[in-house]
Each structure stands twice: as C-alpha cells, then as structure tokens.
2 protein chains.
Amino acid sequence: MTRTAAIIGGGVIGGGWAARFLLMGWNVKVFDPSPEAQRKIAEVLENARRSMPGLFDVALPPEGSLSFHSTIAEAVANAEWIQESAPERLDIKHKIFAEIQTDCASDAIIGSSTSGYKPSELQEGARSPGQILVAHPFNPVYLLPLIELVKSPKNGPQIVDKASDIIGSLGMYALRVRAEIDAHIADRFLEAVWREALWLVKDGIATTSEIDDAIRLGFGLRWAQMGLFETYRIAGGEAGMAHFIEQFGPALEWPWTKLMDVPELTDDLIKTIADQSDAQSGDRSIRELERDRDTNLVGILRALKATDAGAGAVLNAADLDLRKDPSDLTRPIETVARAVPLDWTDYNGHMNEARYLQAFGDATDRFMEIIGCDADYIASGGSYFTAETHIRHIDEVHAGSRIRVDTICLLGEGKKLHLFHEMYESGRLLATGEHFLLHVSLATRKPSPPGPVVERKLTEIATDHSELPLPEGIGRAVGQRR
Amino acid sequence: MTRTAAIIGGGVIGGGWAARFLLMGWNVKVFDPSPEAQRKIAEVLENARRSMPGLFDVALPPEGSLSFHSTIAEAVANAEWIQESAPERLDIKHKIFAEIQTDCASDAIIGSSTSGYKPSELQEGARSPGQILVAHPFNPVYLLPLIELVKSPKNGPQIVDKASDIIGSLGMYALRVRAEIDAHIADRFLEAVWREALWLVKDGIATTSEIDDAIRLGFGLRWAQMGLFETYRIAGGEAGMAHFIEQFGPALEWPWTKLMDVPELTDDLIKTIADQSDAQSGDRSIRELERDRDTNLVGILRALKATDAGAGAVLNAADLDLRKDPSDLTRPIETVARAVPLDWTDYNGHMNEARYLQAFGDATDRFMEIIGCDADYIASGGSYFTAETHIRHIDEVHAGSRIRVDTICLLGEGKKLHLFHEMYESGRLLATGEHFLLHVSLATRKPSPPGPVVERKLTEIATDHSELPLPEGIGRAVGQRR
C-alpha cells in the first residue's frame, strides 16, 4: 500500500522533501498558500528526476502521485509523515502545528525543517507535543542524505525510532542529536564560517569568489568524505589525536579571529576527544586512514574533472599543459599515455573491465581530435558514434601503473571508421580494442559523410596505416578459437 | 633541464611537497635533522605514487631524483624553489631563513608552509626579505590543489607571478591573498569550526563521530564543489544573494554560538557581497547553478559509493534495501534495473560508451552472485575474469532514463562461461554485450574449475537457458556484415 506524506510549505526545502518522498514511491500532498508553489515544486521535481534516481544502483519504486490542497486539514488527512517547512517564525509554526494536529492521525510523525528552533520550543502549547520533532534537512534535499533528528524530553523513544526508519527508507541518514540546542549541530558550523566570511569580505581580505576557492580547493574536499575529526586524526600522524590537539590547540588562543570565547583544553576535554576519536577511527591505522582518504579524494577530484568544476578545473588545465602531440602519424599513434587512477580499480587495485573501454574510448577521442573531429567540428554538427566494440582482456594492470594505447586505423573511408587499439604497460600487452564507428549528423542522428578536412586527414592516416603489419587478434568474434 | 626544489623540514607537509615536486619531474633535495625523516618521506611518497599520477589524464614527466642532505647549505644549492615546513615557531623559522639565504641563489623563491604567520613576520631581519613569501598548502599536499600565496609589501609582483606559475605547473592553484592577516583565509574557517566543535563535544551535544557525520553527509558535500557563497546564492533562489542575506542575516544575531562579535550587515556590506557574487556566478542563472551543483554532487556521491565512505555508505545501504531478487532463473534474468546516472553521461546527457560496459559488467557481477560466486566465494580464492567482450551500440539513452539488462547464459561448462546481455529502455533495445569469461584461481591467476556449488547452479541455469530462442547478434566480429 502506497504511503502518504504531507508537505506544509513548498519552497526550496519543502519542494526538496516532496521530491524525495515522491521518487521513493510515496504519495505527496502539498499545502502552500503561495500561488507560485506549484511552479516552484515542479521545478525542484524536474531537477530531482534528473539527478536522484541515478544515485542508486537499483531501480527506485514507481513514483508516487503529487497533489495540491487548499487546506492543511485536507493535506494531512491519512498522512503518515507531515513535514513543516514554513518560514522561521515561531508564531507561524505554532499556528501551523495547531492546524495540523486538529486533523492528522494520532500516530503521524510531524517533522519540522527548522534550522534554528529547538523541538521543545516548537512543541510549546501543542495538543500533542510528543508527535512533533525536528527533522532538519540540507539543500538539495533530494540529493544530500543528512537529516538532523532532534527530540525533546516530550518525545518518546518510539517516535524517534520510527522517524529514523522512515528517513532510512528514503535513502537518507538520521543523525540523532543527543541534546537539543539552538541550530542543532551543522548550522552552528555554518554560522561560524559565515560570520568569519563576512569579516573577511568586510575587511577586504578576500572576495566571495576567493573564499569559495579557499574552501572548495582545500578543506572542502577533505570534509566531503571524512569530516573534521577523522581528518585531524590523520594530521596528528602516528602520535594520534591527543598529539594533534597539543600541536594545534594553542593556536586557538592566538588572535586569529574576531571571536575569542574558547573552551579551555583541560586534560578531561582532551581525553574525551581522544577517546571518542579512538572509538570512531581506532579500528584503522593512520596508514589505512590515509589510504582511505586518498582513495576518496581521487574519486571526488576525478568526478569534479568530469564536470570541470572547482579542483577538477585546476586538474584539467594541468592536463592541457602536460599533453604532448604525437609526432609521427604514419606509425601506430600513441593516443593514451597515463597512470591507472585509483577510481578505475577495485578493492584489489586491479583495473575494472569497464575502465579498459574507458581508456579505449579516450584513445578514440584523441584519434578524433587528431583527424580534426574536435570540439569545434562537433559543435558544427558532425561526430563519430561507436557502433561496435570488441575487447580482449589479456593481462591485469594495477592502480598507479603507467599505460599507453597505440592506435592503428584499419579503415577510414566515407562514413566508416575502423580502429584497432593495443594497450600496453611498457612492453606487456594488456588488452586490445577493436572499434567500428560511423560518422553521423548530430541533427538527424543518422550516418552521414564527414566534412572535407576530416575526410582528407583520415584518408591520409588510413593510407599510411594500410602499409603497417596487421596486429594479431583483428576480426575475432567472442569465444572463437584461434 | 630538470628543475630542483629544496625541502626544509620533512614531516607530513614537507613530505607532501617533496612528493608533489618529484612526481612532477623536479629533483628534490631534503634537509631535516630528524633521524625519522627518510622513513617518513618514503611513506608519504608511497601514498603519493599510488594516488597522484592517476589524477591526471596524461602521463606525468619522469619522476625526479630524491636526495637527503645534512646541511641547509647543501640542500638549497641550485634550488629554484625552497620550501620551509619547520615547526610553527617564529624564532626557528627566522634562523632557518638566515641559513637558507647564506647559500641559496638570489632569484630562488623561498616559500613557507606556515599556517599562521604573516609574510612580513617571516621576513623580519632577513637579508633579502623580498625573496620570502607564504605558500600555504593543505594536507595531503600531493592531492589537494590549493596553495594560499601571501605576500607582504616587501615582495615585488615579479616573485609572486613566478611563484604562481610554478605552483600552476605542479598541477596546483595559487590563491593570491590580497592582504596579509594571521592564518590567511582557509585556516580562519578551520579555526572557527574547530572551536565550535570543541564546545559541542565539551557540552555533550555531539561526539567526534557525530560531528564528522554532520559535516560529511551534508554541507561538506556542497563545499567540495562550490564553496560557501555560490551555494548560498542558489539557496537565495531567483531573488539572489541580497535576498539570501536578508533571510539568513538576522540569525547571526541569535544566541546560536558562544562567539558573538558579528559584523554589522550594513547596506554597504550587503552590496559588496551581492556585487562580488554577481561577478563570480552572475553569468549563470540560478537554474543553471542548481544543475551544475547537482551534477557535481551526483559525481561526488557516486565516487563515495565506490569507496563505501560517508554519504556513499548511506546510499549503498539503501541499494541493498531496494534490491529485488530475480524470481525465475529459467528465463532471461533481469540482472540490472536502474536509472542512468548523471556521471555516466556527457555534456549532452547521452550515455558514454564505456558506461555501457559498466552496466554489462554490473550485469555480469549480478549473474555471478546468483550462481553463488559472491563476496564470500571470491574471498575463498575463486572468481571469474572476463577474457573477451563484444558490444553493439544500437541506440542512445539519456541521464535519468530507466534501463534494464536481461542476461542469457549461452555456455556454463567447466571453467568456461559465455554470457549474452541485452540492454533495454522499456521495449527499446539499446545495446547488446557478449562476454566470454574464465574461472580462475586468485592465487595463481590461472584458469581453474569452479567450486561444486557454483558449478551446479551454473549448469542448472545453462541447461534451462539452452532451450531459450537465441537472440540476434551472437557470435559477430566487429564490422562483419549481417
């Protein structure tokens, strides 16, 4: 039976909640008095449909149904989860909770997206305070998994367990906050950083863009995967967390920031932190933590290369500087020369089968550029599409190993292109890739002859390569005997 | 001619610098009086060799040579860049700079890794103050691209330009800090967050592990790709940055943290921030920024799935909950059912050729699990390796589309396994994958018969599937006419 959520307040956050529930198969009923609400939620939903389902490596349930309602009473009827994302004013929220509790099921969960208020404040004057808790999400709600789940003494353990389970079933993580405080946990950090950023801009030390670079090219990358303490545990090296605090601690009392109320680093506090850090990370040595961190960072950095964003753009610029053009096109052409990256390998450090095709695809792309089928040519409406591929996996290769691909053009005639790639580590043959491509018009997506410059260059290379000895392994079908 | 860098102080940071220079083809000369220095640098270098070269999509230059020296004089001779990474004590640093400047080239750059001192403090009493500047890196130096480059009035523009160029040639990014202040830019944020974290631990609100989750499952993911201001620009929605500040600004004056010296949000300051944000991001609409953010987040989240870290672990757990077992093994088996993720597509939203093989590889992995070749079996020493693959690309598919793979076992006999996959979007055939695999002993990496449980299950499926009609396209070689 399809479950139902009610969304009270349909801005960016309410819309994100709506998208998360819908794409996880829930029916969603929205109440928002704004005439813009339907348009805004449709836009969030479009973004979510584009990005969220592919996050998962399995199919999501069929999307639930979305409906808009003109009263809170109608929206909350039959809802198992009711999420309030109204403006951050306590009087408004109290009024909404009163309306919700007039009509909702007595066992429904009422979550608030508040980033500042404590649950006990939200519960003041409520008919059934135990039903209301803080479920604070992060934008974009349809992608970021964190929910800060905060209870007051009036919430029983049962509702917190139930809320946790539901959040888990939405592909999210409920961080159960031990004690309610203003702004919960994450927003206290955001607040501290925002305030510091305002000082830096005001004092003319850095612009908004420079501040963003200072974050996303450095510690932002560390925080995306390990957070603060585990990162610092590594920085403390073999001597561990207590050593790190000894080293870094005194800086806390230096006049680095405008904000100087600092907790005293008593032996007790140092022991608490060191013990918690041991419990968190102590099953892995500093060496293992370093390698975990580095593997994560390589994955993140290479993901950012694919979008040419932040640190990825820095690396792409470096690639262009380092790249060499092949000197002799009459011989097999070196179309790839690189190290095997960590994110191309499995936990054994062994290159994954799909990455062989990625390297061959890169080799094909490089060959394209050499014949003039480059970004400008593609923008003008022509390109080659791969129709067929045959790969032989001959030997294994590991992360960090240097590989190269030599490419021979077997046929380059009219719309047809037939390439044969050999992948080597030094003299060791690792794999071959045989590819048949067709030139297409990007407007019609149908085969078409290439432009004259590309055709001329391709004919020239194909003619030269027709005199090369044919490598072993061409024209094989899968499983065919030699 | 190979360039030379001198590394003065070979801890985690100095070692990271050494690795960065070496892997970028520089010779590196190290001075560090500690008897542990050689071992520590060797360890950093081992980590760097594993992770750094593969970050680039081109080959790095041949690695430079590493040498250790017993005097600063010897280490800095002929060095073009000298990097000081000594302990954070000004008297120690002054002494080191004096020794360096006795023997170094007059046009060498002397960079300091200091996280706290201003360049003018470092330059006090120096023979040639204009040669010394702050080049503050982030750990791990061999992966993170950020260098805060800070000058004092005593540094000419020439040395800053030259330092910037060299940093760029190391695959890094020099953030030129406009004015020197204690702790530059990034460490002011780290300091503010660290202090807030100490309060949270001290007050028993959160443990170190909970704080790390509050960071890495939420805003840490945002900061890895856009930083603070561009993220908030999006949160402000169509109304922009000034609106965001109006909304969020008042919270600054709430008693959320223990640290309350807050810059006044004057109209001037709001205008400065809004103008800088326009200059930074104004060429893209909020809609475009949202999509850029989401594409980056999907890439990062999926990179973290591959390592099962942080938010990736949350998503992997959700996958397990959502996954369904195939009901009928006598028919073609549905081995993949998923949406095409954004990171599998190019800028046109068109699935990349290598990702077809990734989906087929996932289908093969799923088939393995079904026949009992699962993680436990593999841990016991047997597995299947793909020997040969043939792919036909029949139609295009886009991000967000739902695809499935149906798998037929053509042969499962002894060590041999022959699979045929068909990829569909609803009824539309997108591609076929034909694969020949061999069972291997993971100890010898040579073909070997599978274990009895796997063999029995495989025989059963192969026998059932031998009665299915043969799909079109089996046994083709590349370019073969139909």
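Residues numbered from 1 in each chain as written. Chains lettered and ligands numbered in written order. Predicted model: local features only at pLDDT ≥ 70, side-chain atom pairs only at ≥ 80, totals over all residues.

Caption draft 1: Geometry of the overall build of chain A. Each helix and strand counted, chain A has 16 helices and 13 strands in total. Taking 2.2 N^0.38 as the reference for a compact globule, 482 residues should give roughly 23 Å; the C-alpha atoms of chain A span a radius of gyration of 29 Å, well beyond that estimate. Relative to its 482 residues, chain A shows a buried fraction of 50%. Long-range pairs, those at least 24 residues apart, make up 69% of the contacts in chain A between residues at least 6 apart in sequence. (Helix = DSSP H or I, 4+ residues; strand = E, 2+ residues; numbered from the N terminus. Rg over C-alpha atoms; globule rule 2.2 N^0.38 Å. Buried ≥ 20, exposed ≤ 12 C-beta atoms within 10 Å, placed from the backbone. Contact = placed C-beta atoms within 7 Å.)

Caption draft 2: Local environment of the sheet that holds strand β5 (residues 109-112) of chain A. All names here are of chain A. Reading across the sheet, the eight strands line up as β3-β2-β1-β4-β5-β6-β7-β8 and stay open at both edges, with mixed pairing between neighbours. Strand pairing shows two members of the sheet lacking a second neighbour, β3 (66-69) and β8 (173-177), which therefore form its edges. With strand direction ignored, the average angle separating the axes of adjacent strands in the sheet is 25°. Here strand β2 (residues 27-31) runs beside β3; their pairing, made up of four bridges, is parallel. Counted as the bridge partner of V30 is F68 from β3. (Pairing = 2+ DSSP bridges. Axes fitted to C-alpha atoms, helices over the stretch in contact; angles between N-to-C directions.)

Caption draft 3: Examining the nonpolar core more closely. In this structure, I82 and L149 of chain A together with I82 and L149 of chain B are the most contacted members of the largest nonpolar core, which totals 273 residues. Per element, the largest residue contribution to this core is 10 residues, and it comes from helix α7 (residues 186-202) of chain B. With sequence-adjacent residues up to four places away left out, I82 of chain B is seen in contact with A6, I8, V76, I100, C104, A108, I109 and I110 of chain B. (Core = buried A, V, L, I, M, F, W, Y, C linked by C-beta atoms within 7 Å.)

Caption draft 4: Representation of the pairing of strand β12 (residues 416-425) of chain B within the structure. Residue and element names in this part refer to chain B. Counting buried residues along β12, seven of its 10 residues qualify, which places the element largely inside the surrounding structure. Relative to β12, strand β11 (residues 402-413) runs antiparallel, the two sharing nine bridges. If you follow V405 over to β12, its bridge partner there is M423. Hairpin connection of β11 to β12: two residues between the antiparallel strands, including G414 at a positive phi of 55°. Here β12 runs beside strand β13 (residues 428-441); their pairing, made up of 10 bridges, is antiparallel. From the neighbouring strand, Y424 faces β13, where its bridge partner is L429.

Caption draft 5: Broad picture of the domain arrangement of chain A. Along its sequence, chain A is carved into domain 1 (4-177), domain 2 (186-292) and domain 3 (324-465). With centres defined by C-alpha atoms, the gap from domain 1 of chain A to domain 3 of chain A works out at 49 Å. (Domains from an automatic or database assignment.)

Caption draft 6: A look at helix α12 (residues 286-307) of chain A. Spanning 22 residues, α12 of chain A covers 32 Å between terminal C-alpha atoms, matching the ideal 32 Å at 1.5 Å per step. D308 of chain A sits one or two positions beyond α12 of chain A and adopts a positive phi of about 55°. (Expected span 1.5 Å × (residues − 1).)

Caption draft 7: View of the confidence of the model for chain A. All names here are of chain A. Considering every residue of chain A, the mean pLDDT works out to 92; 96% of them sit at 70 or more. Scored below 50 in pLDDT, residues 255-259 shows 16 contacts in the model against residues more than four places distant or in partner chains. Among the scores for the predicted complex, ipTM is 0.93 and pTM is 0.93. (pLDDT = per-residue confidence, 0-100.)

Caption draft 8: Representation of the relation of the copies chain B and chain A within the structure. Superposition of chain B onto chain A requires a rotation of 180° combined with a translation of 0.0 Å along the rotation axis, giving an RMSD of 0.1 Å. Within this description, the copies of the chain are treated as partners about a two-fold rotation axis. Interface overlap between copies is the fraction of interface residues in one copy that are interface residues in the other; for chain B against chain A it reaches 99%, indicating a shared surface. (Least-squares fit on C-alpha atoms with pLDDT ≥ 70 in both.)

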